[in-house]
Every structure is written in C-alpha cells, then in structure tokens.
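# Descriptive analysis of the structure
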Amino acid sequence: MLIEELEILAMGVNPNTGEDLPKSSVVHSIEGKRILFTLVSELKVLDSLPKKRKKRILSEAQQKALMEKNIAEDKPARSHFPWSDEELNQIENEYNLGATLSDIAKEFQRSRLAIAVQLEKLCLISIEEVEALK
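All of the points below concern the structure found in this document. (Residues numbered from 1 in each chain as written. Predicted model: local features only at pLDDT ≥ 70, side-chain atom pairs only at ≥ 80, totals over all residues. Heavy atoms only, no water.)

### Section: the side chain of Arg-78
Put simply, the rule reads: In DSSP terms, a helix is any run of H or I states spanning at least four residues, a strand is any run of E spanning at least two, and both are numbered starting from the N terminus. Only protein chains enter the accessibility calculation, which uses a 1.4 Å probe; a residue whose area is less than 20% of its type maximum is buried, one above 50% is exposed, and one in between is partly exposed. Whenever a nitrogen or oxygen atom comes within 3.5 Å of another N or O atom, the pair is scored as a polar contact, on the condition that within protein one atom can donate a hydrogen and the other can accept it, and that pairs from neighbouring residues in sequence are kept only if both atoms are in side chains. The contact rule is simple, with two residues in contact once any of their heavy atoms fall within 4.5 Å.
Structurally, Arg-78 is set in the loop between helix 3 (60-72) and helix 4 (85-96). Classification of Arg-78 as buried rests on a relative accessible area of 17%. For Arg-78, the side chain forms a polar contact with the side chain of Glu-87, separated by 3.0 Å. Ignoring anything within four residues of it in the chain, the contact list for Arg-78 reads Met-67, Asn-70, Glu-87, Phe-108, Gln-109 and Arg-110.

### Some points on helix 1 (residues 2-10)
What counts here: Directions drawn from the helix axis to the C-beta atoms are what define this arc.
Of all the positions in helix 1, only Ile-3, Leu-6 and Ala-10 are classed as buried. The buried residues of helix 1 occupy an angular sector of 65° when projected down its axis, which confines them to one face. Elements that come into contact with the buried residues of helix 1 comprise helix 2 (30-48). Residue Gly-12 follows helix 1 closely and has a positive phi angle near 85°.

### Things to note about the nonpolar core
How we decide: In this description, a nonpolar core means a group of buried Ala, Val, Leu, Ile, Met, Phe, Trp, Tyr and Cys residues linked to one another through side-chain atoms lying within 4.5 Å.
Trp-83, Leu-88, Ile-91, Leu-101, Ile-104, Ala-105, Phe-108, Ile-115, Ala-116, Leu-119, Ile-125 and Val-130 form the largest nonpolar core, which has 12 residues in total. Broken down by secondary-structure element, the contributors of at least two residues to this core are helix 4, helix 5 (101-108) and helix 6 (112-121). If you tally residues by element for this core, the top one is helix 5, at 4 residues. Those residues in contact with Ala-105, other than ones at most four positions away along the chain, are Arg-110, Ser-111, Arg-112 and Ile-115. Core analysis: the second largest hydrophobic core is formed by 7 residues, Ala-10, Leu-21, Val-27 and Leu-36 among them.

### Overview of the environment of Ile-127
As for its placement among the helices and strands, Ile-127 is situated in helix 7 (residues 127-131). In this structure Ile-127 comes out as partly exposed when scored by relative accessible area, which is 41%. For Ile-127 and Val-117, which are 10 residues apart along the polypeptide, the C-alpha to C-alpha distance reads 8.1 Å.

### A closer look at the packing of aromatic side chains
Filter applied, for reference: Ring geometry is summarised as follows: Phe, Tyr and Trp rings, the Trp one being its six-membered ring, pair when their centres sit within 6.5 Å, and such pairs are stacked at plane angles under 30 degrees, edge-to-face over 60 and tilted between the two. When the NZ atom of lysine or the CZ atom of arginine is within 6 Å of a ring's centre and also within 35 degrees of its normal, the charge is said to sit over that ring.
This structure, assessed with the given rule, holds 0 aromatic pairs. Over the face of the ring belonging to Trp-83 we find Arg-110, whose NZ or CZ atom lies 3.8 Å from the ring centre.

### Examining helix 6
Buried within helix 6 we find Ile-115, Ala-116, Gln-118 and Leu-119. For helix 6, the angular spread of buried residues about the axis comes to 165°, placing them on one side. Immediately downstream of helix 6, the backbone of Cys-123 shows phi near 65°, a positive value.

If you want it as structure tokens, here you go:
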C-alpha cells in the first residue's frame, strides 16, 4: 500500500484525495520525482526479499520443561518449539517425497496443523489446506 501511495505521489497526485498537487509542490520538481521513484524501486526490491525472523533459542532445560508441559497437556512433545532451518528443509524434502502430514507430524513431534503452516510458508500447500485443518 505504501508503495502504491508513493507512486501516486510521484505522479503529482495526492494519494488520499486523488487531486493534483499544486505545481509549486516539490513532487513536481525533477529531483522530487527522482527521489520518489528511486524510493519506490528500492521498496519493491525490499518487499520481494524473503522475510527473516529472529529465531528463539531454548536451553536444554527449557526444552525439557516445555516438552513435559506439552505431554501433560496432551499436545505433541515439540509443540510451540522454534523451527530450525534444518527441520524446515527436512519437512520440505519429506513432503516432496510424498510423506503425509500425519507421518511428518509424528516424526517431528508436532501437530499436523503446525506442519501444514510451515509447508504453506514454504509455498508447498495453499492457505485453504491449512484452514481445513483448523
């Protein structure tokens, strides 16, 4: 949305009202247009990059406590554990080799929904397939 608003602004139009901005506005100057269109180009590049999240790291004691809590609550042992890049690569490979969500969930001690969410993030299944598991 920001990118589209900046593009409209760079064309000399108020993105909120759709009215032409006054000819004296900085957006009508060559430098103003250059800055806005460069910013739009840079934002499009940034928007296309994969999103990186800070990974949560659990100590061994935290992992053990969380696993015990999950099991006591009748959840998969590794429910709500952070995902490692290695695990994500493994579930992607297994899914591509034809493993079912149930098989993968059992192996990784996660729920079918947790596996489906990760597969959707990897663009291997649709959001509709994830929603069907809820």
